[in-house]
Amino acid sequence: MKAIVKTSRARGADYRDMEVPVINKDELLIRVTAASISSGDLALYNWTDPAFTPPSLPFIFGQDFCGEVVETGSLAKGFEKGDFVSVESHIFCGTCGQCRNDQRHICQDLRVIGRDIPGGLAEYAAVPARCSWKHTDDTLKDVGAVMGPFGSSVHAILAEDIVGKTVVISGCAPQGLFAAGIAKAGGARKVIALDASLYRRRLALKMGAATAIDPTAKDCLQKIAKVCGAEGADAVVEMSGAADSVELCLKALRPGGRFVAFGLPVTNLSIDYAGDIVRRGIRLEGISGREIFRSWYK
Ligand SMILES: [Zn+2]
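Residues numbered from 1 in each chain as written. Predicted model: local features only at pLDDT ≥ 70, side-chain atom pairs only at ≥ 80, totals over all residues. Heavy atoms only, no water.

A. Main features of the domain arrangement of the protein chain. The domains assigned to the protein chain are domain 1 (2-136) and domain 2 (152-288). In this structure, domain 1 and domain 2 have C-alpha centres spaced 31 Å apart. (Domains from an automatic or database assignment.)

B. Local environment of the coordination of the zinc ion. The coordination sphere of the zinc ion, as far as protein atoms go, consists of Cys-93 (SG), Cys-96 (SG), Cys-99 (SG) and Cys-107 (SG), spread over 2.3 to 2.4 Å. All donors of the zinc ion come from a single chain, and their spacing in sequence reads C-x2-C-x2-C-x7-C. Within this pair, whereas Cys-96 is found in the loop between strand E7 (90-91) and helix H2 (97-100), its partner Cys-107 is found in the loop between H2 and strand E8 (111-112), the two being separated by eleven residues in sequence. In this structure, Cys-96 and Cys-107 share a single accessibility class: buried. (Donors = N, O, S within 2.8 Å, 3.2 Å for Na, K, Ca; no water. Helix = DSSP H or I, 4+ residues; strand = E, 2+ residues; numbered from the N terminus. Buried < 20%, exposed > 50% of the residue type's maximum accessible area, 1.4 Å probe, protein only.)

C. Looking closely at the pairing of strand E16 (residues 283-286). As defined by bridge partners, strand E15 (residues 253-261) adjoins E16 across four bridges and the pair is classed as parallel. Bridged to Ala-261 within E16 is Gly-286. You can see the chain leave E15, run along helix H8 (residues 273-278) and come back into E16, and the turn it takes is right-handed. (Pairing = 2+ DSSP bridges. Right-handed = clockwise from strand over helix to strand, strands pointing away.)

D. Structural context of helix H5 (residues 198-206). By the N-cap criterion, in which a side-chain oxygen at the helix start approaches the backbone nitrogen of a residue two or three places on, H5 is capped by Ser-197, the distance to Tyr-199 being 3.3 Å. Just downstream of H5, Gly-208 is the residue with a positive phi angle, here 120 degrees. (Polar contact = N/O pair within 3.5 Å; in protein donor to acceptor, adjacent residues only side chain to side chain.)

Spelled out as structure tokens, the structure:
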């Protein structure tokens, strides 16, 4: 089969022939029909993730994909040939404390498809059945390869009630744009999108944001206050990971507001911990991945 693989511990990838994977008893063999490119895939391609050590080379990457089941392992119950599935890239152990407490997305022994085992940038992929989401009809087939990243945005926005709330979304890459649409559809009173890119701000408006603001503008906080009121926003979902944006977003929140930490800063933050979080009663919530599979049902 054809696959996109890492062949060296350096930037780049190769398109080459690989063996069709042999499945374990608890796995499905999936004929991949679509794959999307995640930030994790880009980090592997660009070789910018120092924590990544491929199990072996050549290594097939690709974390988010969907396709048709063509073979089922003897222990892969609930699936049959011809099923159309999207893949949850996070492989949870099922036995640790978090897994036993309905927090499989932050499993203590979490592994990632396309990072710890071969991924979906190939004609076929072997996937644990417990990480497969069976579509019941064709309505989401065209977006089957983005169900995972979309689910993370669902988790970030809908972890708490947002009906009637003002929500700032910082960072309008695909998951931020998903978040804008989810917040709007989920009943937020006003969605305020922040991104330095005019192109992305325009997309955010199309996705349902009431306004889109350049976070590098000196009067950004005043512009947010104009929409939310002087007290600030009810919730901020920080998806950019930019240090400046994290600091800005903390100040954009009203006292008692909810700060959703989603983006991953690569530099140290300079936060007024006492002034911006403790004394203002800010509720801080880290979001990593999506709830398996609660976010998928949402
Ligand atoms: Zn676990």
